[in-house]
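Notes for the structure review
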Amino acid sequence: MPRAGSVTPRASPCSGRRSGRGYADRVEIVVDDLTGPLIARFLDEHVREMLSITPPESKHALDLEMLRGPGITFWSVMDGGTVVGCGALKRLDARHAEVKSMRTLAARQRSGIASMMLEHIITEARRMGFTRLSLETGSAEFFAPARRLYQKFGFEYCKPFADYRPDPLSVFLTRTL
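What counts, and where the lines are drawn
- Residues numbered from 1 in each chain as written.
- Predicted model: local features only at pLDDT ≥ 70, side-chain atom pairs only at ≥ 80, totals over all residues.
- Heavy atoms only, no water.
- Phe/Tyr/Trp six-rings, centres within 6.5 Å; stacked < 30°, edge-to-face > 60°.
- Buried < 20%, exposed > 50% of the residue type's maximum accessible area, 1.4 Å probe, protein only.
- Helix = DSSP H or I, 4+ residues; strand = E, 2+ residues; numbered from the N terminus.
- Lys NZ or Arg CZ within 6 Å of the ring centre and 35° of its normal.

Let's shift gears to the packing of aromatic side chains. Counted according to the given criterion, the structure contains five aromatic pairs. With a centroid separation of 5.0 Å and an interplanar angle of 65 degrees, the aromatic rings of Phe161 and Tyr164 are classed as edge-to-face. With relative accessibility at 10%, the residue Tyr164 sits in the buried group. Summarising the aromatic geometry, the rings of Phe161 and Phe172 are spaced 6.1 Å apart at their centres and angled 90 degrees between planes, so their arrangement reads as edge-to-face. Here Phe161, found in the loop between strand 7 (156-158) and strand 8 (170-176), pairs with Phe172, found in strand 8; they are eleven residues apart in sequence, far enough to count as distant. Assessed through its relative accessible area of 7%, Phe161 is described here as buried. Here the basic side chain of Arg103 rests over the ring of Phe42, its NZ or CZ set 4.5 Å away from the ring centre.

In structure tokens form, the structure reads like this:
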């Protein structure tokens, strides 16, 4: 099977699950080392899209090199040989982590991929011993579906965390695990 990069399949409680939201039998979440051309293109599109919506000083999406940094675990959602989604977990301290780089392929939006990925990130954060999970996302209407997703999973609005500063183009959410 063609892969996003060098990926390591990891059993996910959601892998292959079917629901009314459109999960496919062959969808699986894999740990990705971010070396493959498929995920590189997918993430490049993500960063370019964020820059088309948000000015550079308010863009917090990590590029490929930053995602390869220490303390970050990255997962790709694969449907056969196609990257259909991704997400990452960034360690902030021993108890607190941040959700990063959540993205779903445009053709697969509203099909359950983002919920599957977020559920996986929450499960993995608990497994890794984190007790708090936070994130930053945009305040523009474009980001409203993402904000609704995070709230559905128990995230609540909060003040900026870690190195973030107040920004009218950003909102911050957090939840305990």
